[in-house]
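Summary of the model geometry
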Amino acid sequence: MVTKTAADTRERILEAAAALLVAEGRDGLSTRAVSAAAGVQPPALYRLFGDKDGLLDAVAAYGFDEYLTSKRALGSTGDAVEDLRRGWDLHVEFGLSRPEFYVLMYGDARPGRTSPAAREAEAMLRTIITRVAEAGRLRVSAERAARLVHATGMGVVLSLIATPEGERDPELSETARETVLSRILTGAAKPEESDLPGRAIALRAGLDGVAALTKAERVLLAEWLDRIADA
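Thresholds applied
- Residues numbered from 1 in each chain as written.
- Predicted model: local features only at pLDDT ≥ 70, side-chain atom pairs only at ≥ 80, totals over all residues.
- Heavy atoms only, no water.
- Helix = DSSP H or I, 4+ residues; strand = E, 2+ residues; numbered from the N terminus.
- Contact = heavy atoms within 4.5 Å.
- Areas by Shrake-Rupley, 256 points an atom, 1.4 Å probe, with all protein chains shown as cover.
- Lys, Arg positive; Asp, Glu negative; His and termini not counted.
- Charge placed at Lys NZ, Arg CZ, Asp CG, Glu CD.
- Axes fitted to C-alpha atoms, helices over the stretch in contact; angles between N-to-C directions.
- Parallel < 35°, antiparallel > 145°, perpendicular 65-115°, else oblique.
- Left-handed = near helix turned anticlockwise from the far one by under 90°.
- Nonpolar A, V, L, I, M, F, W, Y, C, P; charged D, E, K, R; others polar.
- Salt bridge = Lys/Arg side-chain N within 4 Å of Asp/Glu carboxyl O.
- pLDDT = per-residue confidence, 0-100.

**Section: the overall build of the protein chain**
- The number of helices and strands found in the protein chain is 11 helices and 0 strands.
- Helices (α) and strands (β) of the protein chain occur, in sequence order from the N terminus, as α-α-α-α-α-α-α-α-α-α-α.
- Counting only C-alpha atoms, the protein chain reaches 75 × 50 × 30 Å along its principal axes.
- The long-range share in the protein chain, meaning contacts at least 24 apart out of those at least 6 apart in sequence, stands at 68%.
- About 13100 Å² of surface is accessible on the protein chain, with carbon and sulfur atoms providing 53% of the total.
- The centroid of the 30 positive side-chain charges in the protein chain is displaced by 5 Å from the centroid of its 35 negative side-chain charges.

**Some remarks on the packing of helix α4 (residues 52–73) against helix α5 (residues 80–97)**
- It is at 11 Å that the axes of α4 and α5 come closest, and there the two elements cross at 155 degrees. Regarding the angle of α4 to α5, the classification is roughly antiparallel. At the point where α4 passes α5, the crossing takes the right-handed sense. For the pair α4 and α5, contact is made by G63, F64, Y67, S70 and K71 and by G87, L90, H91 and F94, respectively.
- Class assignment of the residues belonging to the contact of α4 with α5 gives a composition of 4 nonpolar, 4 polar and 1 charged.

**Overview of the pattern of salt bridges**
- According to the stated counting rule, one finds 7 salt bridges in the structure shown.
- Each of R85, D89, R177 and E178 takes part in salt bridges that share partners, so that together they form one network.

**A look at the confidence of the model for the protein chain**
- Of the residues in the protein chain, 92% reach a pLDDT of 70 or more, and the chain-wide mean stands at 84.
- For the protein chain, the element scoring lowest by mean pLDDT is helix α10 (residues 196–205), at 74; helix α9 (residues 172–184) scores highest, at 95.
- In this model, residues 188–192 is a region of pLDDT below 50 whose contacts with residues beyond four sequence positions or in other chains number 0 contacts.

This is the structure in structure tokens:
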């Protein structure tokens, strides 16, 4: 008989937990129920995932992997702003198609604790935001822009999930998306408007690659540029 590897056991546990999550929601993910569904003893689960929080993080990542794969496959259109729009739409689409996993990732926010899957998704968002900044299209700092997009997008998805499908506003996501973009993106500048914030943001986005400054000097300059950008 071939001995099953730890990887095989881990995959079986995650498959069982994902099925329970879809069928019964988060309340169905007790360690006893998951162990029974996977055909393993509870100690095996704890050896592989550490504790229940570790299991929940792994289940979230398991369900989110399809989204991350799709997001990586989007590639780039060559227009950072358009890529930001496409990333928003994909995020909303995932949340509505896999609501149990989305709520597991984002519906139990606690200070200082973010699932690895959510952190990877946020890193992808920040990469796109940085490209927008480098193109000189941001009117606020990249940090503030990323937080606004993330918080608003997450709120839209959780709100839609909580609304019966037949009662959902089909234009809510697009309206929220464009409202946020109008707040963070530059448009046609009026004659009396200064483009100094946009210049500060673009310079801030490329600051990490400036070898002429020491690390301390880059940190100080970054703080000044962020203050100009958000003034």
